[in-house]
Amino acid sequence: MSVISPSKTTPASTKGSAAGGSRTRPGKLAESGSPTVRPPAAAHLSDEQVAELGRELDAIRDEILAKRGAEDAAYIRRMIKIQRGLEISGRAALLVSKNKAAWVTGTTLLSLAKILENMEIGHNVLHGQWDWMRDPDIHSTTWEWDFVTPSRSWQHTHNDLHHRWTNVVGKDNDVGYNLLRMDEQQPWKPVNLANPLFNAILAPLFEWGIAIYDLELTEYKEGTKSKEALLKDLKALGKKVVTQFTKDYAATPAVAMLTGSGKQALYGTIAANAIRNVWAHAVIFCGHFPEGTDTFTEEMVEGETRGDWYVRQMIGSANISGSKFMHIMTGNLSHQIEHHLFPDLPSSRYAEVAPRVREICQRYGLKYTTGPLLKQVGSSWAKVFKLALPGKTATA
């Protein structure tokens, strides 16, 4: 199944996808030609070159699709087994967390479990990366992740909208999440002076920020989302909040009260969620906001072909270099460029295709932005500070 990556036979506007339910995916790609204006970083490419680049990337995707098999299935099942082991061990330790060593151990294990579930498992399962296994328990239509926002709501704003309109100011609301000014095309307002403060608050509360963002309140105010749709999303969010609160802030502390560790267990689950949120926030911001990533105007996607869509994903995304462990803990979003090119391929395959994608970028004269975690995080925060001020521009 292709979640959003344009294919030769299925337009991006198909209905009833796992990613969007009954909602319609936007933006059918043109069969040929070029956008009204090609992005400056790709202006040197002819229509023929862009088409050939698209064919090369299609070939890589088709090759990996053909290779998927038992090894890939074993990988995701192993990740799920490890994650569940970490979570059970973490919660068990928190049951006796009146002991400081048990509290540190439990909080650490639960934090790792939540990061692994959110990043390498939940995010990628919800992209349909493992739907080909036809396992009803590991499928984009049935998985409900350990994150406050309901899976279906997130799939719509993320898979259907963000991946289609990556970094297109005015179409991709992930550029600032309707909260931060993250591009010079966005008009400056006095409230933007609080950019750094808002981002500092957003990081430990990231799952709540995403949950509010997924309600599409701006679209409701503008009249592009119906009251019925909003109420439906609010109902789904309410149910998810109850589930998450019961699991983390009621059940675990309640059992821990039997050992006199109720308060400590509550603090441990709060800390674990905050740690996961800060990590997820850092990884996500490193994907599209560091120096070297481009943003785009709406005219740059008018008449966009599959090849142009590929180009935009490459120059609008950034990778993080690091160890295999780091790649797993980022959900392989450290290979953000490859993920945006091939969001429906198993995440464990991104490291395999990355050198080939980088070579294509070099051959076609396109930048391939990557760097260590601390450098990318620092670059993203630098943009937050720069764009808090009027008259300041960030390097895009």
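What counts, and at which threshold
- Residues numbered from 1 in each chain as written.
- Predicted model: local features only at pLDDT ≥ 70, side-chain atom pairs only at ≥ 80, totals over all residues.
- Heavy atoms only, no water.
- Core = buried A, V, L, I, M, F, W, Y, C linked by side-chain atoms within 4.5 Å.
- Buried < 20%, exposed > 50% of the residue type's maximum accessible area, 1.4 Å probe, protein only.
- Helix = DSSP H or I, 4+ residues; strand = E, 2+ residues; numbered from the N terminus.
- Contact = heavy atoms within 4.5 Å.
- Lys, Arg positive; Asp, Glu negative; His and termini not counted.
- Salt bridge = Lys/Arg side-chain N within 4 Å of Asp/Glu carboxyl O.
- Expected span 1.5 Å × (residues − 1).
- Axes fitted to C-alpha atoms, helices over the stretch in contact; angles between N-to-C directions.
- Parallel < 35°, antiparallel > 145°, perpendicular 65-115°, else oblique.
- Left-handed = near helix turned anticlockwise from the far one by under 90°.
- Nonpolar A, V, L, I, M, F, W, Y, C, P; charged D, E, K, R; others polar.
- Patch = residues over 30% accessible without salt bridge, like charges linked within 9 Å, V, L, I, M, F, W, Y side chains within 5 Å.
- Areas by Shrake-Rupley, 256 points an atom, 1.4 Å probe, with all protein chains shown as cover.

In the nomenclature of an unreviewed UniProt entry, the chain is known as Acyl-CoA desaturase of Arthrobacter nitrophenolicus.

Before we move on, could you go through the nonpolar core and cite the residues and values that matter?
Among the nonpolar cores identified, the biggest contains 34 residues, and I76, I121 and F206 are the most heavily contacted of them. When contributions to this core are tallied by element, the ones reaching two or more residues are helix 2 (70–94), helix 3 (100–125), helix 6 (206–214), helix 9 (262–288) and helix 11 (324–329). Among residues more than four places away in sequence, those in contact with I76 are E120, I121, W130, M133 and I138. Counting 31 residues, the second largest nonpolar core, distinct from the first, contains F296, I315, A354 and C361.

Go over the side chain of E338 with me, naming the residues and quoting the values.
Inspection of the secondary structure assignment puts E338 in helix 12 (residues 336–341). R358 provides the closest opposite charge to the buried, unpaired E338, separated from it by 8.1 Å. Filtering out sequence-adjacent residues up to four positions away, E338 remains in contact with N319, Y350, V353, A354, V357 and Y368.

How would you summarise helix 2 if you had to cite specific residues and measurements?
In a regular helix each residue adds 1.5 Å, so 25 residues correspond to 36 Å; helix 2 covers 36 Å between its end C-alpha atoms and thus fits that length. Along helix 2, the residues that are buried comprise D72, A73, Y75, I76, M79, I80, Q83, E87, G90, R91, A93 and L94. Elements in contact with the buried residues of helix 2: helix 1 (47–67), helix 3, helix 8 (227–256), helix 9 and helix 11.

Tell me about the environment of G322, and name the residues and values.
Among the secondary structure elements, G322 is positioned in the loop between strand 1 (318–321) and helix 11. Counting along the chain gives 49 residues from G322 to G371, while the straight-line C-alpha distance between them is 8.5 Å.

Explain the packing of helix 3 against helix 9 to me, and be specific about the residues and the numbers.
Their axes nearest at 8 Å, the elements helix 3 and helix 9 cross at an angle of 40°. Considering the angle they form, helix 3 stands oblique to helix 9. Relative to helix 9, the crossing made by helix 3 is right-handed. In contact with W103, T107, L110, S111, K114, I115, N118 and M119 of helix 3, helix 9 contributes Q264, Y267, G268, T269, A271, A272, N273, I275, R276, W279, A280 and V283. For the contact of helix 3 with helix 9, the per-class residue count stands at eleven nonpolar, seven polar and two charged.

Pulling in residues and values, what's your account of the environment of Y75?
Relative to the helices and strands, Y75 resides in helix 2. Owing to a relative accessible area of 10%, Y75 belongs among the buried residues under this scheme. Through-space distance from the C-alpha of Y75 to that of L95 is 31 Å; in sequence the pair is 20 residues apart. The residues contacting Y75, other than those within four sequence positions of it, are E120, W130, I328, N332 and S348.

Break down a nonpolar patch on the surface for me, citing the residues and quoting the values.
On the surface, a cluster of nonpolar side chains totalling about 460 Å² of accessible area is made up of L197, I201, L205, W208 and F245. Structurally, the position occupied by L197 is in helix 5 (residues 195–202). Overall, L197 belongs to the exposed group, its relative accessible area being 52%.

Tell me about the pattern of salt bridges, and name the residues and values.
The full count for this structure, using the stated rule, is 25 salt bridges. A salt bridge links E352 to K67, with the nearest nitrogen and oxygen atoms 2.5 Å apart. In this pair, E352 is assigned in helix 13 (residues 350–363) and K67 in helix 1, connecting sequence segments 285 residues apart. The partly exposed category is assigned to E352, whose relative accessible area is 33%. In this structure, K367 and D294 form a salt bridge, with 2.6 Å as the shortest nitrogen-oxygen distance. Note that K367 is positioned in the loop between helix 13 and strand 2 (369–372) and D294 in the loop between helix 9 and helix 10 (306–315), a separation of 73 residues in sequence. Each of E87, R91, K114, D146, E207, K247, D248 and R276 takes part in a single network of salt bridges with overlapping partners.

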